[in-house]
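Residues per chain are reported as follows:
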Amino acid sequence: MRWAALLFLVACHAQPGEDKADDCAILCRCLVAVPGQQNQCVQECTTQLDDNDTCTSCLFDNESSCTVVKNTCLQECQQLQPPTGGN
């Protein structure tokens, strides 16, 4: 029974590239400190993010390191300007 629950959770987990908002949420957690502004950042980001496999892989592989997200992934993901999050 435990394995069935684990398989269900794995199957339901969003895969990289499935949702632009997920990619933007990772970016905005690192770029904007204020939670209310993070929501605005995600909304703005979804219109600006270059949704490519390199960007998505970088974000998901490094989501626990904002330094890598800012210094590496942001460059991979930029289509226009980085989201400002209201700043």
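Cut-off values and rules
Note that residues are indexed from 1 along each chain, following the sequence as it is written. pLDDT decides what is reported in this predicted model: residues at 70 or higher carry local features, side-chain atom pairs at 80 or more are listed and counted, and totals for whole chains, interfaces and linings draw on all residues regardless. Hydrogens and water molecules were not included; the side-chain quantities draw on all heavy atoms of the structure. By the criteria applied, helices consist of DSSP H or I runs no shorter than four residues and strands consist of E runs no shorter than two, each listed in order from the N terminus. Expected span of a helix: the number of residues minus one, times 1.5 Å. Burial classes follow relative accessibility: with a 1.4 Å probe on protein chains only, a residue under 20% of its type's maximum area counts as buried, one over 50% as exposed, and anything between as partly exposed. Taken from the helix axis, the directions to the C-beta atoms give the arc we talk about. Contacts are assigned to residue pairs with any non-hydrogen atoms lying within 4.5 Å of each other. To count as a disulfide, a pair of cysteine sulfur atoms needs to be within 2.5 Å. Grouping buried Ala, Val, Leu, Ile, Met, Phe, Trp, Tyr and Cys residues that are joined through side-chain atoms within 4.5 Å yields what is termed a nonpolar core. Simply put, an axis is a line fit to the C-alpha atoms, just over the touching stretch for a helix, and the angle between two N-to-C directions goes from 0 to 180 degrees. Reported orientations rely on four angle classes, namely roughly parallel under 35 degrees, roughly antiparallel over 145, roughly perpendicular from 65 to 115, and oblique for the rest. Two helices crossing with the near one rotated counterclockwise from the far one by less than a right angle form a left-handed crossing, whereas a clockwise rotation gives a right-handed crossing.

A. How the structure looks around helix H5 (residues 66-77). With 12 residues, H5 ought to run about 16 Å at 1.5 Å a step, yet its terminal C-alpha atoms sit only 14 Å apart, falling short of that. Taken together, the buried positions of H5 are occupied by Val69, Cys73, Leu74 and Cys77. Each buried residue of H5 lies within a common arc of 110° when the element is viewed along its axis, so the set occupies one face. In H5, the exposed positions angled more than 90 degrees off the buried face are occupied by Thr67, Asn71 and Gln75. Packed against the buried residues of H5 are helix H2 (20-31), helix H3 (35-48) and helix H4 (53-61).

B. Summary view of the state of the cysteines. This structure, assessed with the given rule, holds five disulfides. Across the disulfide, cysteine 55 is cross-linked to cysteine 77 (sulfur-sulfur distance 1.9 Å). Disulfide cysteine 55-cysteine 77: the torsion about the S-S bond is 100°, which places it as right-handed. Of the two residues, cysteine 55 sits in helix H4 while cysteine 77 sits in helix H5, which places them 22 residues apart along the sequence. Across the disulfide from cysteine 58 sits cysteine 73; the S-S distance is 2.0 Å.

C. Representation of H3 in the model. Helix length check: H3, at 14 residues, gives a terminal C-alpha distance of 20 Å against a target of 20 Å (1.5 Å per residue), a fit within 8%. The set of residues buried in H3 consists of Gln38, Cys41, Val42, Cys45 and Gln48. The buried residues of H3 occupy an angular sector of 130° when the element is viewed end-on, so they sit on one face. Facing away from the buried side of H3 by over 90 degrees, the exposed positions are Asn39, Gln43 and Thr47. If you follow the buried residues of H3, they end up packed against H2 and H5.

D. Spatial organisation of the nonpolar core. Counting 18 residues, the largest nonpolar core has Leu27, Cys45, Leu49, Leu59, Val69 and Cys77 as its most contacted members. Contributing elements (two or more residues each) for this core: H2, H3, H4 and H5. Among the elements that line this core, the one with the most residues is H2, at five residues.

E. Just the environment of asparagine 39, in detail. Following the sequence through the fold, asparagine 39 ends up in helix H3. Classification of asparagine 39 by relative accessible area gives exposed; the value is 52%. Separated by 15 residues in the primary sequence, asparagine 39 and cysteine 24 have C-alpha atoms spaced 9.6 Å apart.

F. Representation of the packing of H2 against H4 within the structure. Running from N to C, H2 and H4 cross one another at 55°; their axes reach a closest spacing of 10 Å. Accordingly, the angle class assigned to the pair H2 and H4 is oblique. H4 is crossed by H2, and the crossing has left-handed handedness. On H4, the residues touching Asp22, Asp23, Ile26 and Leu27 of H2 are Thr56, Leu59 and Phe60.

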